[in-house]
Amino acid sequence: DGGITQSPKYLFRKEGQNVTLSCEQNLNHDAMYWYRQDPGQGLRLIYYSQIVNDFQKGDIAEGYSVSREKKESFPLTVTSAQKNPTAFYLCASSSPYTGGNTGELFFGEGSRLTVL
Amino acid sequence: AQSVAQPEDQVNVAEGNPLTVKCTYSVSGNPYLFWYVQYPNRGLQFLLKYITGDNLVKGSYGFEAEFNKSQTSFHLKKPSALVSDSALYFCAVRDGGNTPLVFGKGTRLSVIA
């Protein structure tokens, strides 16, 4: 079945450690996104990529890094510079905003990161 | 800049009654509007969208939404609520350009039997 796979579902990390969250899609979508969700704050955009080997910062990129070496994959690294990394992280993908495409997002099931 | 407001953090409704979840937006140009639903510890699921055309949009699970350009609103509605509709609902918007979706803070819907 086509979809977006995030792993791991749950992750625990000690302060000062980097951690990488995986996001893979087989929808043949060009664009991929990472959002962070905190209670009462909705979804905030961390990074997005509209094409392989290119990505842009979102509203809260500090302390995070990404890569887009393959169309199917968009991993997110939460670095030790992220002051408050405990959150629910959501990956999404969409077709490009061209030719009248509406850019509807398809989401993965999320990864919950807890810093101990 | 685009923005979305969901003025109610929580909406409570009795099962069988109609429900409304409110959303207002701000965008330059024509808006592309979306509603998503989220169940606990899950990703977001697409419910419906407005791009152009009829102001009343029908979506999944019996939900519909009404686009009102003069009030810059896109309220989500359902004629008869079910307990299983209890979830977190997000409104989102983008303009016609090449920009990512901007989400509201979400409204928690609780349907009481």
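Predicted model, so just to flag it, every value in this text is computed and none were measured. (Residues numbered from 1 in each chain as written. Chains lettered and ligands numbered in written order. Predicted model: local features only at pLDDT ≥ 70, side-chain atom pairs only at ≥ 80, totals over all residues. Heavy atoms only, no water.)

Draft legend 1. Spatial organisation of the interface of chain A and chain B. Residue-level contacts link 24 residues of chain A with 22 residues of chain B. Surface buried jointly by chain A and chain B totals about 1,800 Å² across both partners, of which 51% is contributed by carbon and sulfur atoms. Applying the counting rule to chain A against chain B returns 2 salt bridges. Breaking the side of chain A that touches chain B down by element, the ones donating at least two residues are strand S4 (31-38), strand S5 (42-51) and strand S9 (87-94) of chain A. Looking at which element gives the most residues to the side of chain A that touches chain B, the answer is S5 of chain A, with 5 residues. (Contact = heavy atoms within 4.5 Å. Buried area = accessible area lost by both parts, 1.4 Å probe. Salt bridge = Lys/Arg side-chain N within 4 Å of Asp/Glu carboxyl O. Helix = DSSP H or I, 4+ residues; strand = E, 2+ residues; numbered from the N terminus.)

Draft legend 2. Fine view of the side chain of Arg 13 of chain A. All names here are of chain A. Checked against the element boundaries, Arg 13 lands in strand S2 (residues 10-13). Of the side chains with opposite charge, Glu 15 comes closest to the buried, unpaired Arg 13, at an N-O distance of 7.5 Å. In terms of polar contacts, Arg 13 uses its side chain to reach the backbone carbonyl oxygen of Gln 17, at 2.9 Å. Those residues within four positions of Arg 13 in sequence are excluded, and the remaining contacts are Asn 18, Val 19, Val 78, Thr 79, Ser 80, Gln 82, Pro 85, Leu 113, Thr 114, Val 115 and Leu 116. (Buried < 20%, exposed > 50% of the residue type's maximum accessible area, 1.4 Å probe, protein only. Lys, Arg positive; Asp, Glu negative; His and termini not counted. Polar contact = N/O pair within 3.5 Å; in protein donor to acceptor, adjacent residues only side chain to side chain.)

Draft legend 3. Looking closely at the environment of Ser 93 of chain A. All names here are of chain A. Along the chain, the position of Ser 93 falls in strand S9. For Ser 93 and Asn 18, which are 75 residues apart along the polypeptide, the C-alpha to C-alpha distance reads 24 Å. The contacts of Ser 93, once residues within four sequence positions are left out, are Ile 4, Gln 25, Leu 27, His 29, Ala 31, Met 32, Tyr 33, Glu 104, Leu 105 and Phe 106. Engagement of the side chain of Ser 93 in a polar contact is seen with the side chain of His 29, the distance being 2.8 Å.

Draft legend 4. Molecular detail of the pairing of strand S5 (residues 32-38) of chain B. Residues and elements named next belong to chain B. Among the 7 residues of S5, 7 are classified as buried, and the element is accordingly described as predominantly covered. Judged by which residues are buried, S5 turns out to be covered on both faces: Tyr 32, Phe 34, Tyr 36 and Gln 38 on one side and Leu 33, Trp 35 and Val 37 on the other are all buried. The sheet contact formed by S5 and strand S10 (residues 87-94) spans 7 bridges and is antiparallel. Considered in S10, the bridge of Val 37 is made with Tyr 89. In terms of strand pairing, S5 meets strand S6 (residues 44-50) through 6 bridges, oriented antiparallel. Counterpart to Val 37 in the pairing with S6 is Gln 45. Hairpin connection, S5 to S6: the antiparallel pair is bridged by 5 residues, and Asn 41 has positive phi, about 60°. (Pairing = 2+ DSSP bridges.)

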